[in-house]
Each structure stands twice: as structure tokens, then as C-alpha cells.
Amino acid sequence: MANSEKKQWDSSQLRKYDFSLEQIPRLHYKDPKIDELIKQNLPVLITDSNIVKPAIEKWTLEYLERNLGSAGHTVYVSRNHKFKFYDDKKILNKNNPKGVEFSPPTKRAEMKVFEFMKRLREWKRGEKRVYLQQILNSTVGPAIVEDYMNFDWRYVGEKKNKHNWGELTSNLLFIGMEGNVTPCHYDEQQNFFRPNPRCILFAPDQFENLYPHPVHHPHDRQSMVDFDRPDYTKFPKFKNVKGYETIVEPGDVLYIPIYWWHHVESLMRGGPTITVNFWYKAGPTSLEYPLRDHQKVSIMRNVEKMLLEVLQDPKEVGPLLRAMVLGRYNE
Ligand code: OGA
Ligand code: FE
């Protein structure tokens with residue numbers, strides 16, 4: 001089925017960026033090479049599987065509107081096409097005097113599904129965009145729960161066991177408008193992802209080229225670089241960034257390894273997109289040398305957290321780190 005003549009998009013529907021991209025390997029779900037890639041913490045697009053078959057066959061906007069239930073759902077509202085994630089717990093407010101002064105780039109709202117769908121259907125250029133991001137839990141309607149139970153849990157469970165991942169943390173359902181973008185970030189979880197039509201990935205060794213916000217910042221784990229208008233003066237190494245991309249067909253599921261950066265984009269003029277992810281906790285780690293790039297990212301995070309804890313003031317972390325390395329670790 002995954003056959004390129006059936007391509008349902010053309011390159012004018014992709015946003016244009018100024019960096020080089022290679023294709024992520026596509027492998028049939030029974031191909032044993034998938035496990036070799038997962039084992040090395042490398043991404044792979046798994047084709048023709050039944051992992052989220054009920055969703056692919058049934059989850060149209062109409063079906064979801066009828067069956068998501070009346071509980072209300074988390075919807076992000078943005079003035080532009082970008083939905084950059086932020087962590088509320090790191091924002092300065094009465095209850096959090098140590099937080100960072102910050103005005104969120106998107107608003108989080110609770111909406112009933114019909115309200116969301118109405119905005120989706122009636123949206124016109126220039127209006128605020130919406131992106132529903134709802135955890136699949138018992139508040140969603142019974143038909144959705146049943147579809148969820150019919151995902152191919154045997155296949156994902158096998159991968160989880162084989163590769164020693166931790167527990168499944170959650171499945172998030174995304175309903176997005178055409179052209180919506182989740183900007184580049186990494187997660188501290190393994191992710192099986194029925195992706196949006198386009199995913200751009202970067203390996204953990206691209207840390208320096210992508211300039212993540214400091215750990216104490218609400219945009220922790222997000223790149224500071226605006227891909228639409230990169231500021232090369234502030235972020236000169238972004239010129240060296242090298243990524244991977246894939247354009248997804250129905251039936252494809254992408255494995256995004258833990259700590260791999262990802263930028264997710266719905267095609268322009270491609271209609272709304274419906275996506276599900278599977279987040280798994282990291283498994284127990286063993287320190288085998290040489291360390292892997294993603295383990296080094298984790299170490300950097302811990303150093304930042306530790307300094308913040310002892311210095312008590314995020315403004316002191318940078319100067320201390322600079323004083324520590326400048327002129328000393330030049331070899
Ligand atoms: C994820 C993710 C973003 C999106 O699943 O980790 O970042 O827009 N998804 O689907
Ligand atoms: Fe993510």
C-alpha cells in the first residue's frame with residue numbers, strides 16, 4: 001500500500017527551511033532491521049502495521065466529534081501557526097516566586113469537542129489557530145476507548161520489552177489544523193508516533209546547533225531557534241544543523257527515540273490532521289562507555305539542575321559555567 005504513486009501531497013505543501021535533510025528509513029513492520037535501529041536509538045518509519053489501525057479506519061473528524069465525549073478537552077490557541085510547548089510550573093507567579101517571567105506564546109483552553117470542531121471548520125486565514133491535545137483516558141467516550149483497546153498492543157508491547165523501555169506513560173490524541181507546527185523540541189521519553197504528515201528529526205548530537213532553552217526556563221527542551229526566521233547572529237551554529245525527515249502515509253508509525261529532537265508539521269492545504277502518540281518512559285540505564293550522545297544530554301540536564309539547586313538563582317548558572325570552562329578546557 002505504501003506506494004509512492006499514491007502520494008497525496010506535493011512539495012509546495014511543505015514549509016521551506018534552510019537546512020539539509022535526509023530521509024528517515026522506511027521499513028515494513030516485520031522487518032528485523034527495525035529492532036537494530038531501535039537498539040541503536042535511531043529513528044525508523046514502520047510501514048503497513050496495524051498499530052493504530054482502528055484509528056486510521058474510523059477516526060474521521062465526524063466520528064471523533066460524535067464519540068470523544070462531553071468532558072471537554074485541552075485545546076491550545078495560537079496567533080500564528082506555531083504551538084511551542086511551555087511548562088507552567090516554571091513560570092513566575094504568586095505561587096512560584098522562583099519562576100521565570102514569561103508570557104506564553106499560546107493559550108490553553110478547555111473546549112467541548114463540538115466547539116473545537118466548529119472553530120476548525122469555520123477557520124479563516126488571519127484568525128487564531130487551534131490544536132487539540134487530549135490524553136486518551138477514561139474521560140473520552142466508550143467507542144474511542146474500544147478503538148484504543150483494539151490498537152495492536154502486542155506489537156508495541158513486544159518492542160517495549162525487547163528494548164527494555166519503561167511503562168507506557170500516556171497516549172495523546174492531537175487534532176490539528178492544516179499548516180499547524182509543533183516547533184523543534186526533544187522529549188525525555190521513547191515515542192511511537194502515528195505522525196502528522198511531516199516530521200523533521202535531529203539527533204541528540206545536534207544539541208549545540210539547536211540551542212535549547214535553559215532547563216529552568218518554561219521552554220525547557222525546546223530549541224530557541226525560530227525555524228521560520230533563524231537569527232544566525234545569536235545562533236550561528238544553526239547553520240550546521242543536519243536533520244532527517246519523513247512524510248507519512250496512512251498506516252505508517254514513526255519511532256522517535258528518546259532525546260531526539262522533533263519538529264512536527266501538518267501539510268499546508270492538506271486539511272486537518274489526526275495523530276496519536278505512545279510515550280514510554282526510559283528504561284533503566286546502564287552506563288556503558290563510550291557514552292551515547294543522548295546520555296550526555298541527560299548529564300548536561302543534571303548538571304544544570306544541580307547548579308540551579310545550589311546557586312538558587314538561574315542568573316548565576318551561566319556565569320559559573322563560563323568561569324569554569326573559559327581558558328581552561330580548550331583542548
Ligand atoms: C510528540 C510531539 C507533536 C505534534 O508526540 O512528542 O511532539 O504536533 N507531537 O504531534
Ligand atoms: Fe514531542
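You'll find the protein chain entered in an unreviewed UniProt entry as Hypoxia-inducible factor 1-alpha inhibitor, with Exocentrus adspersus given as the organism. Listed under Cofactor (unreviewed entry) in UniProt, the entry text for the protein chain is "Fe(2+)".

Asker: Help me out: how do you make sense of the pattern of salt bridges in this one?
Answerer: Oppositely charged side chains may form a pair once their charged atoms are brought near each other. This model, assessed by the stated rule, comprises 19 salt bridges. Note that Glu65 and Arg121 form a salt bridge whose closest N and O atoms lie 3.1 Å from each other. Taken together, the positions of Glu65 in helix 3 (residues 61–67) and Arg121 in helix 4 (residues 113–122) put the pair 56 residues apart, joining distant regions of the chain. Using a relative accessible area of 54% as the deciding quantity, one classes Arg121 as exposed. When the shortest N-O distance is used, the salt bridge between Glu188 and Arg301 registers 3.3 Å. Of this pair, Glu188 sits in the loop between strand 8 (181–186) and strand 9 (190–194) while Arg301 sits in helix 8 (residues 293–311), and the two are 113 residues apart along the sequence. Among the residues examined, Glu188 registers a relative accessible area of 33% and is labelled partly exposed. Residues joined by salt bridges that share partners form a network here, namely Lys90, Glu188, Asp220 and Arg301.

Asker: Looking at this structure, how should I read the side chain of Asn41?
Answerer: Position of Asn41 relative to the elements: it lies in the loop between helix 1 (33–39) and strand 3 (44–47). Of the residues examined, Asn41 reaches a relative accessible area of 9% and is grouped as buried. Those residues in contact with Asn41, other than ones at most four positions away along the chain, are Gln190, Tyr255, Pro257, Ile258, Trp260, Arg292 and His294.

Asker: It is not clear to me how the site of ligand 1 should be interpreted in this structure. Could you clarify?
Answerer: Taken together, Tyr131, Phe174, Thr182, His185, Asp187, Asn191, Phe193, Asn196, His262, Val264, Asn277 and Trp279 make up the full set of residues near ligand 1. At a separation of 2.5 Å, an oxygen atom of ligand 1 approaches a polar side-chain atom of Tyr131. Within the side chain of Trp279, an N or O atom sits 3.4 Å from an oxygen atom of ligand 1. Taken by itself ligand 1 offers 290 Å² of open surface, and the protein chains cover 97% of this. Elements with a contribution of two residues or more to the shell around ligand 1: strand 8, strand 9, strand 13 (261–265) and strand 14 (273–280).

Calculation notes
- Residues numbered from 1 in each chain as written.
- Chains lettered and ligands numbered in written order.
- Predicted model: local features only at pLDDT ≥ 70, side-chain atom pairs only at ≥ 80, totals over all residues.
- Heavy atoms only, no water.
- UniProt positions renumbered as here; feature names shortened; annotations may be inferred.
- Salt bridge = Lys/Arg side-chain N within 4 Å of Asp/Glu carboxyl O.
- Helix = DSSP H or I, 4+ residues; strand = E, 2+ residues; numbered from the N terminus.
- Buried < 20%, exposed > 50% of the residue type's maximum accessible area, 1.4 Å probe, protein only.
- Contact = heavy atoms within 4.5 Å.
- Near = heavy atom within 4 Å.
- Polar contact = N/O pair within 3.5 Å; in protein donor to acceptor, adjacent residues only side chain to side chain.
- Areas by Shrake-Rupley, 256 points an atom, 1.4 Å probe, with all protein chains shown as cover.

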